[in-house]
Each structure stands twice: as structure tokens, then as C-alpha cells.
Amino acid sequence: MPELPEVEVVRAGVEHWVSGRTVDDVAVLHPRSVRRHTAGAGDFSLRLKERSFTAVRRRGKYLWLELDSGDAMLAHLGMSGQLLVQPREHAAERHQRVRIGLGPAERELRFVDQRTFGHLLIGPLVEDARGGSAGVPAVIGHIALDPLEPEFDDDVFSASLRRRRTGIKRALLDQSLISGVGNIYADEALWRARLHWARPTAGLRRPQVSDLLKHLRDVLREALSAGGTSFDSLYVNVNGESGYFERGLKAYGRAGRPCERCGAAIRREVFMNRSSYSCPGCQRAPRS
DNA sequence: CATTAAACCTGCGGGC
DNA sequence: TGCCCGCAGGTTTAAT
């Protein structure tokens, strides 16, 4: 569900509530939510207990809470994950999976996840092989820099992109090439750049890649300013509030409605077992 | 190595 | 009313 803007909204909210707090209670209510913490739920809890949160960082769609132990709690929201900060006495959400008490405040951090594609794990921070100044969780070493990180290098990205023998949307969704982009913002950036999702990456010119990156950064920042995109109650910030960028979408979810640029009806096509929305008038399909 | 399809889950809305 | 189908913001794993 959540892509870079939504995860950044969550990160900022989590940072506000957990910084300087000490964990006084942990409850893992569903083992699947910590399945990637290979040492098990008991070890997960043990590594959090009595530890304090020192910072909250993000790369792409991953966020992590640094601990004073040198470890970090990594979180990925998957398709339906939420991190909520609630008063301890607040009723349990239907799909509550993990609960973390924040001492001495009378609040707790809750991981709620309907589809359980998301996960939490505790692991060590290591030097960032991709050039960032801060440490990153060892298990996300395969995740590329995201386009809003200052170290993201447009030239390196352009060269990597053109070495690929695939289509542009598949490449944008590949988190080892560029991170943070999902189905919504890939379609929105491609609409803005007037590129069809199947356009071969190998044939793109450097200026086209630059233009695409500009539009991608624009749409990500605009969505962030609007609090993210919420189609329903599945994406909310830590206070349970929806974002309102849905009104800013030009292609995603607009099948049959007129393109705001040329008036042609936006089309929906199934690609990679998911929907792709584009304008037949201004995003021409490649030959073959 | 690069690339792509399948699997992992729950819930909702539409058609019959 | 109930059942079946398709669909949903994603990633990992396995197969080609």
C-alpha cells in the first residue's frame, strides 16, 4: 500500500512520538509480523525491552527506529501495514499485530496490518555501502537509494537504467535500482513524463531520464505535502488520519475519465498482475 | 548474472 | 442472502 510519501509521513509521526522514549512492554500478537526476525518473537521482544529510541530514519519504503543498543527496529508496511501511536487504554484495532509500550508516556506504538505482508525485525546497523552518511540495517543492503536522498546520483541511475533490458515501469518498481516508487507514483510520474509503461529502458536518452526523475521527485514531494494518498482507511498516519493526494492523481485509478492534458479517456491495462493507468493520447505505446 | 512468474495474506464490492 | 471472482498501496523466493 504505502509508497515513499506515505512511509515518510509515518516516519515523521513515529519520530515525533518515540524519540527519547524507553520501551517498557512488548507484545507480539501475530508471529507472521516478525517472521523475518529469524531468532523468533521472544528474541525480538528481548532486544526491545528497556531500550530507548534515538532516531527514526527511512530509505524508500523501509523505515527504522534506532535503538541505544546499536541495533534498529526495521519496519516495512507491506500492502496494509500501519504504525499507530495510541493511548494504552485505547481499544485494540482489529488487526493489531505488535504492541510496544512507550515509557514513561501513557502511549504505545502499535503495528496493525490486515494482510500481514508487512513485517518488523531487529538487527544491527552497518555502514551504508550505497554512500549515505548514517548506518543502515544490514538486511536492506539490496535496497537502492531513493530519489529524495541527497546521495542519489542521477548519472549512475541513468546508466544502470539503460543497461537493463526491460520496460520503464518494471524498472521503476525494482527497489534494487531505485527505491520508494510503487504502482501509484510510477504511473503518475510516467504520465507527467508522457512515457508509456512498456517503453524499453535501453532506448531512453539521458535527457528523458532526467525529465522522468524531475517529474518523479515533483509528484513524490507534492504527495508528501498532501499527507500521502488514501483510497480508504488502510493508509493513515500515526494519528489515524488519511492523506488527501488522491485529488492530485492524474492517471492512477482514473480509467475511463478524460486525461486532463489531452482529453482522451485514461485506459487501464493489466501488467505484472496489477493495474497500469495511462493516457492513450499522450503516452504512446512503443512499437512491437 | 538478469529477468520474470508465483506465492504469501485478508477483506471488500460486484455479478449471478 | 450467499457464493465466486477479481481486485487492492508490496516483497521474497524460485524458476527460467
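Given the structure is predicted, the values throughout are model-derived calculations rather than measurements.

Caption draft 1: Representation of the protein's contact with DNA strand B. Every residue near DNA strand B is listed here: Arg32, Arg94, His95, Gln114, Arg115, Thr116, Phe117, Arg164, Arg165, Thr166 and Arg170. The protein-proximal atoms of DNA strand B, defined as those within 4 Å of the protein, are 70% sugar or phosphate. Between DNA strand B and the protein, one listed contact pairs a phosphate oxygen with a side-chain N or O atom of Arg94 at 2.7 Å. Note that a base oxygen of DNA strand B is positioned 3.2 Å from one of the side-chain N or O atoms of Gln114.

Caption draft 2: Layout of the nonpolar core. The biggest cluster of nonpolar side chains holds 40 residues, and the ones touching the most others in it are Phe157, Leu161, Leu172 and Leu212. Secondary structure elements with two or more residues in this core: α3 (154–163), α4 (168–172), α5 (183–193) and α6 (206–225). Apart from the residues lying within four places of it in its own chain, the contact partners of Leu172 are Ile178, Val181, Ala186, Leu190 and Leu212. In terms of nonpolar packing, the next biggest core, distinct from the first, is built from 29 residues, Leu48, Met73, Phe111 and Val238 among them.

Caption draft 3: Here's a closer look at the packing of helix α1 (residues 4–18) against α6. Where α1 meets α6, the closest approach of the two axes is 8 Å, and the angle between their N-to-C directions is 40°. One element, α1, and the other, α6, form an angle in the oblique class. The handedness of the crossing between α1 and α6 comes out as right-handed. Each of Leu4, Pro5, Glu8 and Val9 in α1 lies in contact with α6, whose residues at this interface are Leu220, Ala223 and Leu224.

Caption draft 4: Spatial organisation of the sheet that holds strand β5 (residues 81–87). Ordered by their spatial adjacency, four strands build an open sheet running β1-β6-β7-β5, and the pairing between neighbours is antiparallel. This sheet does not close on itself; its edge strands, each paired only once, are β1 (22–28) and β5. Pairwise comparison of adjacent strand axes, ignoring direction, gives a mean angle of 20° for this sheet. As judged from the six bridges shared by strand β6 (residues 96–103) and strand β7 (residues 107–113), these two strands associate in the antiparallel manner. Looking at β7, one finds that Leu102 is bridged to Arg107. Each of β1 and β6 touches helix α2 (residues 41–48); the most contacted strand, β1, lies at about 170° to it.

Caption draft 5: A look at the UniProt feature "active site" (unreviewed entry) in chain A. UniProt tags Pro2, Glu3, Lys61 and Arg274 as "active site" (unreviewed entry). Discounting residues that sit within four places of it in the chain, Glu3 has contacts with Lys61, Gly180, Val181, Gly182, Asn183, Ile184 and Tyr185. In this structure, Arg274 sits in strand β11 (residues 274–278). Since its relative accessible area comes to 31%, Arg274 is described here as partly exposed. In this structure Arg274 touches Leu173, Asn183 and Glu269, once residues within four positions along its chain are discounted.

Caption draft 6: The arrangement of α5 in detail. Most of α5 sits out of view: eleven of its eleven residues are buried. For α5, the set of buried residues is Asn183, Ile184, Tyr185, Ala186, Asp187, Glu188, Ala189, Leu190, Trp191, Arg192 and Ala193. Summarising the contacts, the buried residues of α5 are in contact with α1, α4, α6 and β11. Positive backbone phi, at 60°, marks Arg194, one or two positions downstream of α5.

Caption draft 7: Quick look at the pattern of salt bridges. If you walk through the whole model with that rule in mind, you get 23 salt bridges. Across the salt bridge formed by Glu8 and Arg58, the nearest N and O atoms sit 2.8 Å from each other. Within this pair, whereas Glu8 is found in helix α1, its partner Arg58 is found in strand β2 (residues 53–59), the two being separated by 50 residues in sequence. With relative accessibility at 15%, the residue Glu8 sits in the buried group. According to the relative accessible area criterion, Arg58 is buried, its value standing at 15%. Through salt bridges with shared partners, a single network forms among Glu8, Arg11, Glu15, Arg58 and Asp146.

Caption draft 8: View of the UniProt feature "domain: Formamidopyrimidine-DNA glycosylase catalytic" (unreviewed entry) in chain A. Per the UniProt entry, the sites bearing "domain: Formamidopyrimidine-DNA glycosylase catalytic" (unreviewed entry) are residues 2–118 in this numbering. Across residues 2–118, the secondary structure splits into 20% helix and 41% strand, with the terminal C-alpha atoms separated by 11 Å.

Caption draft 9: Examining the packing of aromatic side chains more closely. Enumeration over the complete set of coordinates arrives at five aromatic pairs. The interplanar angle of 40° and the centroid separation of 6.4 Å between the aromatic rings of Tyr185 and Phe245 together place this pair among those described as tilted. Of the two residues, Tyr185 sits in helix α5 while Phe245 sits in the loop between α6 and β10 (267–271), which places them 60 residues apart along the sequence. Judged by its relative accessible area of 0%, Tyr185 falls in the buried class. With centroids separated by 5.1 Å and ring planes inclined at 65°, the aromatic side chains of Tyr252 and Tyr277 adopt a geometry described as edge-to-face. With Tyr252 in the loop between α6 and β10 and Tyr277 in strand β11, this residue pair connects regions lying 25 residues apart in the sequence. Pair check on accessibility: Tyr252 and Tyr277 agree, each one buried. Taken together, the ring pairs connect Phe231, Tyr252 and Tyr277 into an aromatic cluster.

What counts as what
Residues numbered from 1 in each chain as written. Chains lettered and ligands numbered in written order. Predicted model: local features only at pLDDT ≥ 70, side-chain atom pairs only at ≥ 80, totals over all residues. Heavy atoms only, no water. Near = heavy atom within 4 Å. Polar contact = N/O pair within 3.5 Å; in protein donor to acceptor, adjacent residues only side chain to side chain. Core = buried A, V, L, I, M, F, W, Y, C linked by side-chain atoms within 4.5 Å. Buried < 20%, exposed > 50% of the residue type's maximum accessible area, 1.4 Å probe, protein only. Helix = DSSP H or I, 4+ residues; strand = E, 2+ residues; numbered from the N terminus. Contact = heavy atoms within 4.5 Å. Axes fitted to C-alpha atoms, helices over the stretch in contact; angles between N-to-C directions. Parallel < 35°, antiparallel > 145°, perpendicular 65-115°, else oblique. Left-handed = near helix turned anticlockwise from the far one by under 90°. Pairing = 2+ DSSP bridges. UniProt positions renumbered as here; feature names shortened; annotations may be inferred. Salt bridge = Lys/Arg side-chain N within 4 Å of Asp/Glu carboxyl O. Phe/Tyr/Trp six-rings, centres within 6.5 Å; stacked < 30°, edge-to-face > 60°.

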